[in-house]
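Chain residues, written in single-letter form:
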Amino acid sequence: MYSLNKSGQRVFALQIHKRYHYANGKFSTFNKPKPFESIPGLGALPLIGPLHHFLPIIGTIGPKTNMFDVLGILEGKFGPLVKVDGVFARGTMLFLFEPDHFEQVYRAEEANPLRPGFQVLDYYRTQLRKSRYGGLHGLINAQGPEWREFRTKVNPALLLPKLVKLYAPGIDEIAQDFVHRLSQITHDDAYIKDNFELELTKFSLEATALVALGSRLGCLKDSLDSDHPAHRLMKSTRDIFELTYKLEIRPSPWRYIATPAYKMVIEAYDTQWEISMMYINHARKQLEERGYDIPEEEKSVLEKLIAIDEKVAVMMASEMLLAGIDTVSFVTTSLLFNLAMNQKVQDKLREEIRTSESNYKRYFRACLKEALRLRHVVPANLRRTHRDHIVGGYYIPKGIDVIAPNEYLSRSEKFYPRPE
C-alpha cells in the first residue's frame, strides 16, 4: 500500500471522475468516441430520406414487407449499430442489435423516458380534442416528467399484489364462460375459422373491463351483434392499432395533409372515447349507489383511482380499455396456438394445473414466457435520448430514437438455441 499527497489525491480523483463519466455516456480524454455520422447505415436523400433503398430493382434492400427480413439485412450488412435517417418529419433512428448496448441507454433514460409513438393520439389529445382532456396526458402518450407524474399517481392503485386475489374469482368466472361459449360453437367449423380471433377479443374485453371498471360488460353473450357498444369498442380499438401502423410505422404525410387513414383513425378515437366514457360513467354510478364504505382491499382499481384523482381515474380506465383488449387477446392466442402445436407441453401443463396445490405455477409461467419470446406484444422498444451517450465506441447525441428490436433478437440463434 502507498499513500498520496493532496496533489496526487486530486489527480487520482480527476482520473476516476473522467472514467466514470465515460462509462455513463460522457466524453473522456482517454477514449474519444467516433462521431455519430460515422455509424454505418442507410444513406438518405433530401425529402424522401432512405426510402429509395426499399424500391424494387434499384434499392439496396428492396420492397421487403416483412420487418424481420429488413432487420436481418440491416444487422448482416452494417453490424450491431445501424443508423437510419428519418423521413416525413421523423427523427433519426438508431437500431441496436446488442442487448448490452440498449440496456446501457435505456437504464440511463429510465427516470423520465421519452417514448415517441402514438403521435396521432398525442395530436388528437393535445390539439383536436384539447378541451376534452384539459391538458392531461395518459401513460400512452405522456413523455418525460409528465409520464413520471401520471405513473406516480396510478402506481399505488395498480401495483398491488393483493389485486390478483381480488380479481382472480371474477377472471376465473369469465374464463369458464369463455370455455362454455367455445363448446357451443366448435361444431361450426366455418364460424370458428373466420371468427376465433373475434371470440378471443370478446374474452379479452370482458376480462380487461373487469379490472378497469370493476364490472362485466356481457361480451360473451350470443346476442352481441355489430351495433352492440362492446362490439363497436372492439372494432374501434382494432382500427386504431391497424391505422396507427399505417400512419406512424409506414411513411405517411398525415402531418401535412389529412389522408383517408388519418380521418379514419380520428373517427375511431372518437368512437373509442365515447363508448369508454359510457362504460366508465356506468361503473361510477354503480360505485355511488353501492357506497364507498368498504374495506380498502375490496375496492376496485377504478375506485382506488377515483380517490386519488378523478380525472386520472377516467383517463387510466379509458387507456386500459384501449391498450388491454388487443394485447390480452394477442397473448392468449399465441399461448393457445403454441400449446396446440406442442402436445407434450400441453399435457404437462394440464397435469401441473390439475395436481399442483401451489398458486405458483412454474411450468405455466415458463410456457407463457416462451410464447411471449416467440411473439412479442410489442416487437420493439424505442427511447428518444435526452442526453449524450457513448455506445459501442460511438458518440450518440440527444434527440436520437434508439430502437431495441426485441422480437427479432428473441428469435435469433445468437441468443437462443433452436429459436423457432
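To keep things clear, this report deals only with the structure shown in the data block. (Residues numbered from 1 in each chain as written. Predicted model: local features only at pLDDT ≥ 70, side-chain atom pairs only at ≥ 80, totals over all residues. Heavy atoms only, no water.)

**With respect to the overall build of the protein**
No. 1: In terms of helices and strands, the protein carries 15 helices and seven strands.
No. 2: Of all 420 residues assigned to the protein, the portion counted as buried reaches 39%.
No. 3: Long-range contacts, defined as pairs at least 24 residues apart, comprise 65% of the intrachain contacts of the protein with a sequence gap of at least 6.
No. 4: By element, 56% of the accessible surface of the protein is carried by carbon and sulfur atoms, the whole surface being about 24200 Å².
No. 5: Charged side chains of the protein number 57 positive and 51 negative; the gap between the two group centres comes to 8 Å. (Helix = DSSP H or I, 4+ residues; strand = E, 2+ residues; numbered from the N terminus. Buried < 20%, exposed > 50% of the residue type's maximum accessible area, 1.4 Å probe, protein only. Contact = heavy atoms within 4.5 Å. Areas by Shrake-Rupley, 256 points an atom, 1.4 Å probe, with all protein chains shown as cover. Lys, Arg positive; Asp, Glu negative; His and termini not counted. Charge placed at Lys NZ, Arg CZ, Asp CG, Glu CD.)

**Structural notes on unusual backbone geometry**
No. 1: Residue phenylalanine 118 is not a glycine yet carries a positive backbone phi of 50°.
No. 2: Tracing the chain through its elements places phenylalanine 118 in the loop between α3 (99–108) and α4 (119–128).
No. 3: Assessed through its relative accessible area of 24%, phenylalanine 118 is described here as partly exposed.
No. 4: Positive phi, normally seen in glycine, also occurs at arginine 418, with a value near 45°.
No. 5: Its place among the elements puts arginine 418 in the segment after α15 (406–410).

**Things to note about the packing of aromatic side chains**
No. 1: Per the stated rule, a full pass over the model turns up 11 aromatic pairs.
No. 2: Between arginine 373 and the ring centre of tyrosine 416, over which it is positioned, the NZ or CZ distance is 4.9 Å.
No. 3: Over the face of the ring belonging to phenylalanine 68 we find arginine 411, whose NZ or CZ atom lies 4.5 Å from the ring centre. (Phe/Tyr/Trp six-rings, centres within 6.5 Å; stacked < 30°, edge-to-face > 60°. Lys NZ or Arg CZ within 6 Å of the ring centre and 35° of its normal.)

**Here we look at the environment of aspartate 401**
No. 1: Mapping aspartate 401 onto the fold places it in strand β7 (residues 401–404).
No. 2: Between the alpha carbons of aspartate 401 and leucine 382 there is a distance of 6.4 Å; along the sequence they are 19 residues apart.
No. 3: Dropping the residues within four chain positions of it, aspartate 401 is found in contact with Gly91, Thr92, Met93, Leu94, Pro116, Leu382, Arg383 and Arg384.

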